[in-house]
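Structure assessment
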Number of protein chains: 4
Amino acid sequence: MAEPHKPAKIKHRKNRLEAFSDGVFAIAITLLVLEIAVPAVRGEELLGELAHEWPVYLAYFVSFMTIGAVWMEHSALVDALDHIDGVFMRLNLVLLLFCAFLPFPTRIMSEYAQDASGERVAVVFYGIVLLMMTLMLLVMARHAQNEDLFGEDLDDEHKEQARVKYQLLPGLVAYIAGGALGLLSPRLGVTVYLLIAIYLAIPLREVTRLYRKRG
Amino acid sequence: MAEPHKPAKIKHRKNRLEAFSDGVFAIAITLLVLEIAVPAVRGEELLGELAHEWPVYLAYFVSFMTIGAVWMEHSALVDALDHIDGVFMRLNLVLLLFCAFLPFPTRIMSEYAQDASGERVAVVFYGIVLLMMTLMLLVMARHAQNEDLFGEDLDDEHKEQARVKYQLLPGLVAYIAGGALGLLSPRLGVTVYLLIAIYLAIPLREVTRLYRKRG
Amino acid sequence: MAEPHKPAKIKHRKNRLEAFSDGVFAIAITLLVLEIAVPAVRGEELLGELAHEWPVYLAYFVSFMTIGAVWMEHSALVDALDHIDGVFMRLNLVLLLFCAFLPFPTRIMSEYAQDASGERVAVVFYGIVLLMMTLMLLVMARHAQNEDLFGEDLDDEHKEQARVKYQLLPGLVAYIAGGALGLLSPRLGVTVYLLIAIYLAIPLREVTRLYRKRG
Amino acid sequence: MAEPHKPAKIKHRKNRLEAFSDGVFAIAITLLVLEIAVPAVRGEELLGELAHEWPVYLAYFVSFMTIGAVWMEHSALVDALDHIDGVFMRLNLVLLLFCAFLPFPTRIMSEYAQDASGERVAVVFYGIVLLMMTLMLLVMARHAQNEDLFGEDLDDEHKEQARVKYQLLPGLVAYIAGGALGLLSPRLGVTVYLLIAIYLAIPLREVTRLYRKRG
């Protein structure tokens, strides 16, 4: 730990974890569009069909914003780390596994959106994958704290950890609530996922700051 | 805000925004090829069928050059920034949402190119997504200016801002014109999109400089 | 070889090899999800169908963890190198060829999982590709050793080389065993691949260290 | 041009060109596998069908090695540059356009491989795209030379330029020859493309050096 060249080597490995993760996030978020089927209708019905496909766009939007929010949390977390260890790399791999898997439940939710009984299964299945993504981020943040992966810059450390925890924990609870609601009313479940995605994506603190500054 | 290590941290976050955005741009631009269907004809008709598919190649070309031009503008804008904030990250995410979505309207335009009434809807739908991409870039540039995200290197700042604005504003107006024209004559609309893509992609100033230098 | 700027140039080329390889690994690992077909059943049968599809999820999991493990080995190997040469770049390209090819045998294995005679062929074909990936990593590590691509930091060098060798050689033997077993009993073969993926992905040494620290 | 901070800014822009290009190369090379269709035969015919599909694997191999070789040339060229300009960025975009387009002619060649008259068209169409990729690399190298984009490190400059030129020019001629041969005998044409890919991928000089060192 006291060799002069060691930190540089560890920092490099963090760079590749970021590059690989950014790649998977970027691909998963972009592959979502392949799930949207081109309507097979005659020209005069195209506009109506495009409007009729709104559950597909909604599923696209929720998945896009959720992966985007997870990417931002991941970015903030890894950014705050001084170095990473082998366990963190594997936990990260499991996070990416669920993230790369998301286009599949998204497709299922789009396709069974107009089917009363299928919709129920689809919404819960989808919610479980979203839940696992948030859960893995929390596990990673906790592991980083236990193993002292954060730098010695204590103020930053606490700030970032708190940020990740306070922003993720409500998400976790809300996904469980959304999944449970989805069993009763699938549409209500999806609405909850949508609200979580918007909540995770909107930078409440910064927006407040901007308004205050101008007001 | 006065800690000596802070700028390095912020700069790092900018790096990940670039890496993630480059990933999404690169994937969206490369996925476009998947939309081109292999002709299902006998061998002797292959050449004719390939030639007959020109609207598909045209849609491919327009989408490719537009994403390419947006990438170049994005690259110039982020490059000129000193640091980014949370709002900029979210605006960037919305830009990427439209960018990653583009393969879908591209596919629709390719498929309804020979259908009189469908073509109209397809061309306007496509134009709206192109418009949103340009609009988001402008919003990002404006936010960066309002929040002083540009560095203190004033000359560069003004130059870059001006460049982004002067090059994007005509694009914005042209997309609205192209969409409106598309309602009357879809082919005219597509021609406008093509001209915008070429205009955005050709480095007028640099080409002028090269000719002047040699002439 | 004695110019002062040479090392910087070589280091840069290593960066691009990493960026390109990370891209291919990330895309191959994310494309796997496209192989999972959405069930075409009525809503009430969706849950049963999703459960019935377990071989598809298993194939997804094994392929994901194998690519993930290869990425981690690749990361550790290239990280330990001081510079790379042209032969190393080509060997790397062959590794990526098998890695990018993996979604194809994965798809075949998923589709022939319930077909007695097809399963046998699928499992062996799949195992050969996994074997080639591990083999190429070993060839790359050996070439790096023969050509002195590792830095002068001898302790690190030996440690890393040993790590790659000791972790890969059993994998190589196990893939051959798994393939041979797959000829007799396809399910047994897949189980072996699964165990190898878990073995490669679990950081035995670090887990031991964590337990020891707490116990 | 004499400001002290300018070089850093230009270098950064080169980094994003590399990141974006690496992304497109990596995705194009990995998407190729999606073109390989899973055989729809009964289990006992799977082995025979996999063997029967050899033109598909050949097309995969040739396309993979060609993109890999172009990536290596691109890497060597950009690495040798001191900075880039706007024209170089656009030329690069056109190179990427052909590169990202390659999966389409690859698919056509795979599908028309057993069709006497279709094969002729497919092989020539495929060769034209390969030719354009090589041509764009040459145009980029030439532009870089004319505009003094190479650094002042003259020896390196000449060495690299020469390398790109001497290795690409024969490729260019060979592609034209291959395309012409493809008109007479498609199989001969493909063989020529295969030989060019192998020629571009094998590091003749380094292999010679290795043998000499050991012999």
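Residues numbered from 1 in each chain as written. Chains lettered and ligands numbered in written order. Predicted model: local features only at pLDDT ≥ 70, side-chain atom pairs only at ≥ 80, totals over all residues. Heavy atoms only, no water.

Let's shift gears to the overall build of chain A. Each helix and strand in chain A was counted, giving 9 helices and 0 strands. Listed by position from the N terminus, the elements making up chain A come as α-α-α-α-α-α-α-α-α. Counting the 215 residues in chain A, one finds 60% classified as buried. Counted over contacts in chain A with a minimum sequence separation of 6, partners at least 24 positions apart contribute 79%. Surface exposure of chain A reaches about 8,800 Å², of which carbon and sulfur atoms provide 66%. (Helix = DSSP H or I, 4+ residues; strand = E, 2+ residues; numbered from the N terminus. Buried < 20%, exposed > 50% of the residue type's maximum accessible area, 1.4 Å probe, protein only. Contact = heavy atoms within 4.5 Å. Areas by Shrake-Rupley, 256 points an atom, 1.4 Å probe, with all protein chains shown as cover.)

Contacts between the two partners involve 41 residues from chain A, matched on the other side by 51 residues from chain C. With both chains or domains summed, chain A and chain C bury close to 3,900 Å², and 64% of this area falls on carbon and sulfur atoms. Per-residue buried area on chain A facing chain C is highest for A:R16, A:F20 and A:R90; these three make up 20% of the total on that side. For the pair chain A and chain C, the interface holds 1 salt bridge. Between C:D22 and A:R16 there is a salt bridge, with its nearest N and O atoms 2.6 Å apart. (Buried area = accessible area lost by both parts, 1.4 Å probe. Salt bridge = Lys/Arg side-chain N within 4 Å of Asp/Glu carboxyl O.)

Frequently, the measure chosen for interface size is the accessible area that the parts lose on association. With 51 residues of chain D in contact, the opposing surface of chain C contributes 41 residues. Here chain D packs against chain C, burying approximately 3,900 Å² in sum over the two surfaces, 64% of which is carbon and sulfur. Interface area lost by chain D to chain C is led by D:V38, D:W71 and D:D79, which between them contribute 16%. Taken together, chain D and chain C are joined by 1 salt bridge.

Residue and element names in this part refer to chain C. Note on placement: F88 falls in helix α4 (residues 86-101). Judged by relative accessible area, F88 falls into the buried class, the value being 0%. Between the C-alpha atom of F88 and that of A26, which follows or precedes it by 62 residues, the distance is 20 Å. The residues contacting F88, other than those within four sequence positions of it, are L17, L77, V78, L81, M140, H143, A144 and L149.

What follows is about helix α5 (residues 103-111) of chain B. Of all the 9 residues making up α5(B), 8 are buried; the element is thus mostly covered by neighbouring parts of the structure. B:P103, B:F104, B:P105, B:T106, B:R107, B:I108, B:M109 and B:S110 are the residues of α5(B) that are buried.

Glancing now at the pattern of salt bridges. Should the charged atoms of two oppositely charged side chains come close, the side chains can pair. Applying the stated rule across the entire model yields 15 salt bridges over all chains. Ionic pairing is found between C:E119 and C:R187, a salt bridge with its closest N-O pair at 3.2 Å. With C:E119 in helix α6 (residues 116-146) and C:R187 in helix α8 (residues 186-201), this residue pair connects regions lying 68 residues apart in the sequence. The shortest N-O distance in the salt bridge between D:R42 and D:E44 comes to 3.5 Å. For the pair formed by D:R42 and D:E44, the shared burial category is exposed. Where salt bridges share partners, they join A:R42, A:E44 and A:E45 into one cluster.

This brings us to the side chain of A:D85. Topologically, A:D85 is positioned in the loop between α3 (54-80) and α4 (86-101). Among the polar contacts listed, one links the side chain of A:D85 to the side chain of A:H143, at a separation of 3.0 Å. (Polar contact = N/O pair within 3.5 Å; in protein donor to acceptor, adjacent residues only side chain to side chain.)

Here we take up the relation of the copies chain D and chain C. Screw-axis analysis of chain D against chain C gives a translation of 0.0 Å along the axis, an RMSD of 0.0 Å, and a rotation angle of 90°. Classification of the inter-copy transformation places it as that of a four-fold axis. For chain D, the smallest separation between a C-alpha atom and the rotation axis is recorded for D:G23, amounting to 4.3 Å. Mapped onto chain C, only 6% of the interface residues of chain D again fall at the interface, so the copies present different surfaces. (Least-squares fit on C-alpha atoms with pLDDT ≥ 70 in both.)

Residues and elements named next belong to chain C. What the rule picks out here adds up to 40 aromatic pairs over all chains. Centre to centre, the rings of F101 and F125 are 6.3 Å apart; their planes meet at 85°, and the pair counts as edge-to-face. Here F101, found in helix α4, pairs with F125, found in helix α6; they are 24 residues apart in sequence, far enough to count as distant. Judged by its relative accessible area of 9%, F101 is buried. (Phe/Tyr/Trp six-rings, centres within 6.5 Å; stacked < 30°, edge-to-face > 60°.)

Turning to the packing of α4(A) against helix α3 (residues 54-80) of chain C, a few remarks are in order. Running from N to C, α4(A) and α3(C) point in directions that differ by 140°, and their axes come no closer than 11 Å. Classified by the angle their axes make, α4(A) and α3(C) are oblique. The crossing of α4(A) and α3(C) is right-handed. Contacts from A:M89, A:R90, A:L93, A:L96, A:L97, A:A100 and A:F101 in α4(A) reach C:Y57, C:Y60, C:F61, C:F64, C:M65, C:G68, C:W71, C:M72 and C:S75 in α3(C). Here the residues of the contact of α4(A) with α3(C) sort into 13 nonpolar, 2 polar and 1 charged. (Axes fitted to C-alpha atoms, helices over the stretch in contact; angles between N-to-C directions. Parallel < 35°, antiparallel > 145°, perpendicular 65-115°, else oblique. Left-handed = near helix turned anticlockwise from the far one by under 90°. Nonpolar A, V, L, I, M, F, W, Y, C, P; charged D, E, K, R; others polar.)

A few words on the confidence of the model for chain A. When pLDDT is low, close inspection of the predicted coordinates is not appropriate. Residues and elements named next belong to chain A. Taken residue by residue, chain A gives an average pLDDT of 80. The fraction at 70 or more is 80%. Ranking the elements of chain A by mean pLDDT puts helix α9 (residues 204-214) last, at 62, and α4 first, at 92. Under a pLDDT of 50 for its full length, residues 1-10 has, in the predicted model, 10 contacts with residues more than four places off or in other chains. The ipTM for the predicted assembly is 0.83, set against a pTM of 0.87. (pLDDT = per-residue confidence, 0-100.)

Another point: the relation of the copies chain A and chain C. Of the transformation superimposing chain A on chain C, the axial component is 0.0 Å and the angular component is 90°, with the fit at an RMSD of 0.0 Å. Different-surface contact between copies: only 7% of interface residues of chain A are shared with the interface of chain C.

Residue and element names in this part refer to chain D. Note that L200 resides in helix α8 (residues 186-201). Residue L200 is classed as buried on the basis of its relative accessible area of 5%. It is 17 Å that separates the C-alpha atoms of L200 and A141, two residues lying 59 residues apart in sequence.

Inspection of every chain in the model, using the stated rule, returns 0 disulfides over all chains. For the unlinked cysteine A:C99, the closest cysteine sulfur is that of B:C99, found at 18 Å. The class for A:C99 is buried, based on a relative accessible area of 0%. (Disulfide = S-S within 2.5 Å.)

All names here are of chain A. Contact pair α4 / helix α5 (residues 103-111): the axes reach a minimum separation of 5 Å and the direction vectors enclose 30°. Comparing their axes, α5 and α4 come out roughly parallel. Across the interface between the two elements, C99, A100 and F101 of α4 pack against P103, F104 and P105 of α5. In terms of residue class, the contact of α4 with α5 is made up of 6 nonpolar, no polar and no charged.

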